[in-house]
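As a plain string of letters, each chain reads:
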Amino acid sequence: MKRNLLSIIILALLVVNIVLSAIMMVSVTSASRKTAAMVADISTIIGLEIEGLPKSDVSPSVSMADTEVYSIVDEMTIPLKKGEDGEDHYAVGNVSMSMNTKHKDYKTYSESMANMEGIIKDIIYSVMAEYTLDEIRADSDGIKQQILTKIQERFESDFIYSISFNFLYS
């Protein structure tokens, strides 16, 4: 009889423990959610993103079905700014641009992209020539963004939403 009574007391304590644990988890979870929401609000106010620093010109998300890639036909050889070593360095490679086919300016400019290659190349040359080899290797994404911004300013449109390049440096 004592064993059965002891088993019932242990079972009752176990049920009380489970109930108290559930209550504690609910209260901790709601407090955690409120804290996460507060941190998100504060980071939004001061301009931070969870992934890192804010991106000034966030390109719109364009599906692959709505994307056309225009590649500059000729391989480009770009002389870079002299670095600390005093040597001449070059970037040799190809550049391509992603265009949004659903954009209102796409039809206007897409047919004449081959005629405008000279303007685009000039922008790429002028931006990349401002950097040394070490600077380009350290911040290629920033340089891509700068090239994209200048191209968008020149076209007065953002139908080109991304720049990709594949350069070898010497």
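Just so it is clear, the structure is predicted and the values come from calculations on it, not from any experiment.

Procedures and definitions
- Within any chain, residue numbers begin from 1 and follow the written order of that chain's sequence.
- Where local features are concerned, this predicted model is filtered to residues with pLDDT of at least 70; where side-chain atom pairs are given and counted, the filter is 80 or more; whole-chain, interface and lining totals use all residues.
- Computation of side-chain values covers all heavy atoms of the structure but excludes hydrogens and water.
- Pairs were defined over the aromatic rings of Phe, Tyr and Trp, the Trp ring being its six-membered one, requiring ring centres within 6.5 Å. Orientation was assigned from the angle between planes: stacked under 30 degrees, edge-to-face over 60, tilted for the rest.
- The classification of residues rests on relative accessible area computed with a 1.4 Å probe and restricted to protein chains. Under 20% of the type maximum is buried, over 50% is exposed, and intermediate values are partly exposed.
- The criterion is that NZ of a Lys, or CZ of an Arg, lies within 6 Å of the ring centre and within 35 degrees of the ring normal, and then a charge sits over that ring.
- Under the scheme used here, helices are H or I runs from DSSP no shorter than 4 residues and strands are E runs no shorter than 2 residues, and both carry numbers assigned from the N terminus.
- On a range of 0 to 100, pLDDT expresses the predictor's confidence in each residue.
- Contact criterion: two residues are considered in contact whenever any of their non-hydrogen atoms come within 4.5 Å of each other.
- What is meant by a nonpolar core is a set of buried Ala, Val, Leu, Ile, Met, Phe, Trp, Tyr and Cys residues, joined one to another through side-chain atoms within 4.5 Å.

### With respect to the packing of aromatic side chains
Each aromatic ring pair is summarised here by two numbers: the centre-to-centre distance and the angle between the ring planes. Taken as a whole, this structure holds 5 aromatic pairs when the rule is applied. Taking 5.6 Å as the distance between ring centres and 85° as the angle between the ring planes, the aromatic pair formed by Phe155 and Phe159 counts as edge-to-face. Assessed through its relative accessible area of 0%, Phe159 is described here as buried. Summarising the aromatic geometry, the rings of Phe167 and Tyr169 are spaced 6.4 Å apart at their centres and angled 40° between planes, so their arrangement reads as tilted. Within the aromatic cluster, the residues linked to one another by ring pairs are Tyr109, Phe155 and Phe159. Its end group placed over the ring of Phe165, Lys144 keeps NZ or CZ at 5.2 Å from the ring centre.

### Some remarks on unusual backbone geometry
Phi at Glu156 takes a positive value of approximately 55°, unusual for a residue other than glycine. As for its position among the elements, Glu156 is in the loop between α5 (140-155) and β4 (160-169).

### Quick notes on the confidence of the model for the protein
Chain-level pLDDT for the protein is 84 on average; 91% of the residues reach the 70-or-more range. In this model residues 53-59 is a low-confidence stretch, pLDDT under 50, and it forms 6 contacts with partners more than four residues away in sequence or in other chains.

### Structural notes on the nonpolar core
Among the nonpolar cores identified, the biggest contains 28 residues, and Met113, Ile124, Met128, Ile147, Ile151, Ile160 and Ile163 are the most heavily contacted of them. Going through the elements one at a time, β2 (76-79), β3 (90-100), α3 (117-128), α4 (133-138), α5 and β4 are the ones with two or more residues in this core. Aside from chain neighbours lying at most four places away, what touches Ile147 is Ile123, Ile124, Val127, Met128, Ile163 and Phe165.

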